[in-house]
Amino acid sequence: LNVGENANRVGLAQFGENVKEEFMLNTDKSKTEILSSIRSMTLRSTGERLIGNAIEYAHKNFLTSAAGSRVSEGFKQFLLVIAAGESADGIVQASRSIKQHAVTVLTAGLAKADPREMQYISSHGHNYKLVGNLQQVQQKIKSAIETWTDAPVPCMFDVVADIAFIVDQSSSIRSKNFQLVRDFLTNTIRGLDMSEENIKIAVVLYSDYPRADVHFNTFSSKTDILRYVSSMPYGRGKTYTGAALKFAKNSVFTKARGSRRHQQVQQIAVVITDGKSMDNVAPAAAELRKSGVTVFAVGIKDTKEDDLREIASYPYK
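Residues numbered from 1 in each chain as written. Predicted model: local features only at pLDDT ≥ 70, side-chain atom pairs only at ≥ 80, totals over all residues. Heavy atoms only, no water.

Under an unreviewed UniProt entry, the protein has the name VWFA domain-containing protein and belongs to Cirrhinus mrigala. Annotation of the protein in UniProt includes, under Subcellular location (unreviewed entry), the sentence "Secreted". (UniProt positions renumbered as here; feature names shortened; annotations may be inferred.)

Colleague: Help me understand the sheet that holds strand β4 (residues 104-109), please; the structure alone is not making it clear to me.
Modeller: With parallel pairing, 3 strands are arranged side by side in an open sheet as β3-β4-β5. In this open sheet, the two edge strands, each paired with only one partner strand, are β3 (78-83) and β5 (127-129). Between one strand axis and the next, the sheet turns through 20° on average, direction left out of account. Pairing of β3 with β4 involves 6 bridges; the strand directions are parallel. Across the sheet, residue leucine 80 finds its bridge partner in β4, namely leucine 106. Lying over the sheet, helix α5 (residues 134-147) contacts β3, β4 and β5, oriented at roughly 160° with respect to β5. (Pairing = 2+ DSSP bridges. Helix = DSSP H or I, 4+ residues; strand = E, 2+ residues; numbered from the N terminus. Axes fitted to C-alpha atoms, helices over the stretch in contact; angles between N-to-C directions. Contact = heavy atoms within 4.5 Å.)

Colleague: How should I be thinking about the packing of aromatic side chains in this particular structure?
Modeller: Two measures describe an aromatic ring pair: the distance that separates the ring centres and the angle between the ring planes. Evaluation of the coordinates by the stated rule reveals 1 aromatic pair. We note lysine 99 situated over the ring of tyrosine 120; from NZ or CZ to the ring centre the distance is 5.5 Å. (Phe/Tyr/Trp six-rings, centres within 6.5 Å; stacked < 30°, edge-to-face > 60°. Lys NZ or Arg CZ within 6 Å of the ring centre and 35° of its normal.)

Colleague: Help me out: how do you make sense of the sheet that holds strand β8 (residues 210-214) in this one?
Modeller: Note on sheets: strands pair through backbone hydrogen bonds, and any given pair is parallel or antiparallel. Strand order in the open sheet formed by 5 strands is β8-β7-β6-β9-β10, with mixed pairing between adjacent strands. Each of the sheet's edge strands pairs with one partner strand only, and the pair in question is β8 and β10 (293-299). When the angles between neighbouring strand axes are averaged without regard to direction, this sheet yields 25°. In terms of strand pairing, strand β6 (residues 161-168) meets strand β7 (residues 199-206) through 8 bridges, oriented parallel. Paired with aspartate 168 across the two strands is tyrosine 206, which belongs to β7. Along the sheet face, helix α8 (residues 241-251) touches β6, β7, β8 and β9 (266-273) and points at about 45° away from the line of β8.

Colleague: Is there a simple way to explain the pairing of β4 in this structure?
Modeller: One face of the sheet, then the other: side chains in a regular strand alternate in exactly this way. Burial of β4 is extensive: 6 of the 6 residues sit out of reach of the surface. Neither face of β4 is left uncovered, since the one carrying Thr104, Leu106 and Ala108 and the one carrying Val105, Thr107 and Gly109 both have all their residues buried. Inspection of the sheet shows β4 paired to β5 by 3 bridges, in the parallel sense. Counterpart to threonine 107 in the pairing with β5 is asparagine 127. Handedness of the crossover is the feature at issue here: the chain leaves β4, passes through helix α4 (residues 115-121), returns alongside β5, and the resulting connection is right-handed. (Buried < 20%, exposed > 50% of the residue type's maximum accessible area, 1.4 Å probe, protein only. Right-handed = clockwise from strand over helix to strand, strands pointing away.)

Colleague: Explain helix α6 (residues 175-190) to me, please; I cannot follow it from the model alone.
Modeller: The end-to-end C-alpha distance of α6 is 23 Å, a good match for the 22 Å that 16 residues give at a rise of 1.5 Å each. Of the positions making up α6, those classed as buried are Asn177, Phe178, Val181, Arg182, Asp183, Phe184, Leu185, Thr186, Thr188 and Ile189. Looking at the buried side of α6, the elements it contacts are β6, β7, α7 (222-230), β9 and β10. (Expected span 1.5 Å × (residues − 1).)

Here is the structure:
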């Protein structure tokens, strides 16, 4: 990696029962000095392996402005967790929290690491095994850092909500960007408390025509919805966002399809699009908002902000 004060900044810590800082992101070491200190680093055994505690420590102590993080300037934030075995403490809360703050988490497990645990800790697609393929893993991690385009932005909703994701799958998006959409949905849904009593999810796909494979009463299991998202088809056709919003209002946010509007549960739509619609989106968006649905608009590729403003609830940002 290109390492330096004005390039990639790196920090390092060892952990067991406690966390021992080796150097922070704002270290005054050169790249050569950093590599030298890593080569001479000795193992500091400190009792049980507490991965959850280590992640929380990194979040609070490494990825901060005081420690040299430049997140406030828009710089990408990564955490690489290397573990030799199963954690003796819980990893769920710490893993959710750090990813919800737009940190991409990469995991590298040695032979005795719990594969399911490492998979849960990592951001989607960034779980690696350090067994017999060290150089390949190094290259994948380097590539993940250097080709990273945009961190999934977490959507923070109340505990009880009906959330419909309205996803543009027109051919103008391109396959690579559609995979970014899948990753965004996966990371967002993972952090939601999905159940019959709390959050329900629907998914509308659209291009020339809208359709809903998933209504609010289709899945109650988070595993099922994540499986659907991972195989969500990339489509063809043009971008008719207005028609998709009208379809969502009339055919998705309804009691028959599992909406709890009649129980005063908040109704939310998250529209993910690459921008300019082929039809008039403003009237359909206005009608959806008037019906009591709070609308978020997420732009991908080269979306113009004015196009998103036509869709989104106020405040637009």
